[in-house]
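Fold and geometry: a report
Listed below are the residues making up each chain.
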Amino acid sequence: MKELKSHLFVCTNSPQVEGRCGHKNAEALRRELKEKCKNAPWGQDIRINSSGCLGHCERGIAAVMYPEAQWFFDLTDKDGEKLYEAVSSSMNSSTNS
Ligand code: FES
């Protein structure tokens, strides 16, 4: 198995609780991002996972990418392309360095 370069966690916590990322349809965002990343040249270098609360509920949907420690806040379930572009930029710069 190829070693991963990055790991992105999308908070999908508590879909039944208003105000939590899961309630804002975070799972749909995670799924869309995962599909987009699969077809990228670096798609095998990153894993897209759901996570529990990342401690920033008021700025959710929240996500974080490691080892870059790059945070994403105030995402919505319509931000798949925007998040993909940010991840792509980060992956391309880590591949080129
Ligand atoms: S529920 Fe997503 S950061 Fe807390």
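One structure accompanies this document, and this report is about it.

**Structural notes on the overall build of the protein chain**
Broken down by element type, the protein chain carries two helices and four strands. N-terminal to C-terminal, the α/β element order of the protein chain is β-α-β-β-β-α. Expected size for 97 residues packed as a compact globule is a radius of gyration near 13 Å; at 13 Å, the protein chain falls within 12% of this value. For the protein chain, the C-alpha atoms occupy an extent of roughly 40 × 25 × 20 Å along the three principal directions. Across the 97 residues of the protein chain, 26% fall into the buried class.

**A short note on the nonpolar core**
Grouped together as the largest cluster of nonpolar side chains are 19 residues, with contacts concentrated most on Leu8, Val10, Cys11, Ile61 and Ala63. Of all the elements in the fold, those that place two or more residues in this core are β1 (6-11), α1 (26-38), β2 (46-51), β3 (63-66) and α2 (80-96). Residues within four places of Val10 in sequence aside, it is in contact with Ala26, Leu29, Arg30, Ile48, Ser50, Ser51, Ile61 and Ala63.

**Focus on the sheet that holds strand β4 (residues 70-72)**
Strand order in this open sheet of four strands is β2-β1-β3-β4, and the pairing throughout is mixed. Of all the strands in the sheet, the pair left with one neighbour each is β2 and β4. The sheet shows a mean angle of 20° between the axes of neighbouring strands, taken without regard to direction. For β3 and β4, the ladder comprises three bridges, and the chain directions are antiparallel. Looking at the pairing, Met65 lines up with Gln70 of β4. Packed on one face of the sheet, α1 meets β1 and β2 and runs near 170° to β2.

**Remarks on the pairing of β3**
As a general feature of sheets, a regular strand has side chains that alternate between the two faces. Because side chains alternate across β3, one face comprises the buried residues Ala63 and Met65, and the other comprises Val64 and Tyr66, none of which is buried. Linking β3 to β4, which pair antiparallel, is a turn of three residues; within it Ala69 sits at a positive phi near 55°.

**A word on unusual backbone geometry**
Excluding glycine, residues mostly carry a negative phi; peptide bonds, for their part, are mostly trans. Residue Ile61 is bonded to the preceding Gly60 through a cis peptide linkage, with omega at 10°. Turning to its location among the elements, Ile61 is positioned in the loop between β2 and β3. Looking along the chain, the bond that leaves Tyr66 and enters Pro67 is cis, with omega of 10°. Within the secondary structure layout, Pro67 lies in the loop between β3 and β4. At Ser14, a residue that is not glycine, the phi angle is positive and equals roughly 50°. By secondary structure assignment, the location of Ser14 is in the loop between β1 and α1. Residues other than glycine seldom take positive phi values, yet Asp74 does so here, at roughly 55°.

**As for the pairing of β2**
Note that β1 and β2 share six bridges and pair parallel. Bridged to His7 within β2 is Arg47. With respect to chirality, the unit in which β1 leads through α1 into the neighbouring parallel β2 is right-handed.

Cut-offs used in this document
- Residue numbering note: each chain is counted from 1, following its sequence as written.
- Side-chain atom pairs in this predicted model are given and counted only at pLDDT of 80 or more, local residue features only at pLDDT of at least 70, and totals for whole chains, interfaces and linings cover all residues.
- A run of DSSP states H or I qualifies as a helix once it reaches four residues; a run of E qualifies as a strand once it reaches two. Both are numbered from the N-terminal end.
- Here the globule rule reads 2.2 Å times residues to the power 0.38, and the radius of gyration is calculated from C-alpha atoms.
- Here exposure depends only on C-beta density: within 10 Å of a residue's C-beta, 20 or more other C-beta atoms make it buried, 12 or fewer make it exposed, and intermediate numbers make it partly exposed, the C-beta atoms being placed from the backbone.
- Working definition: the nonpolar core is a set of buried Ala, Val, Leu, Ile, Met, Phe, Trp, Tyr and Cys residues, joined through C-beta atoms within 7 Å.
- Contact between two residues is assigned whenever their backbone-derived C-beta positions fall within 7 Å.
- At least two bridges found by DSSP between two strands is the condition for calling them paired.
- Lines fitted to the C-alpha atoms define the axes, with helices restricted to the stretch that makes contact. Angles between their N-to-C directions range from 0 to 180 degrees.
- For crossovers, right-handed means that the path from the first strand over the helix to the second runs clockwise, given strands pointing away from the viewer.

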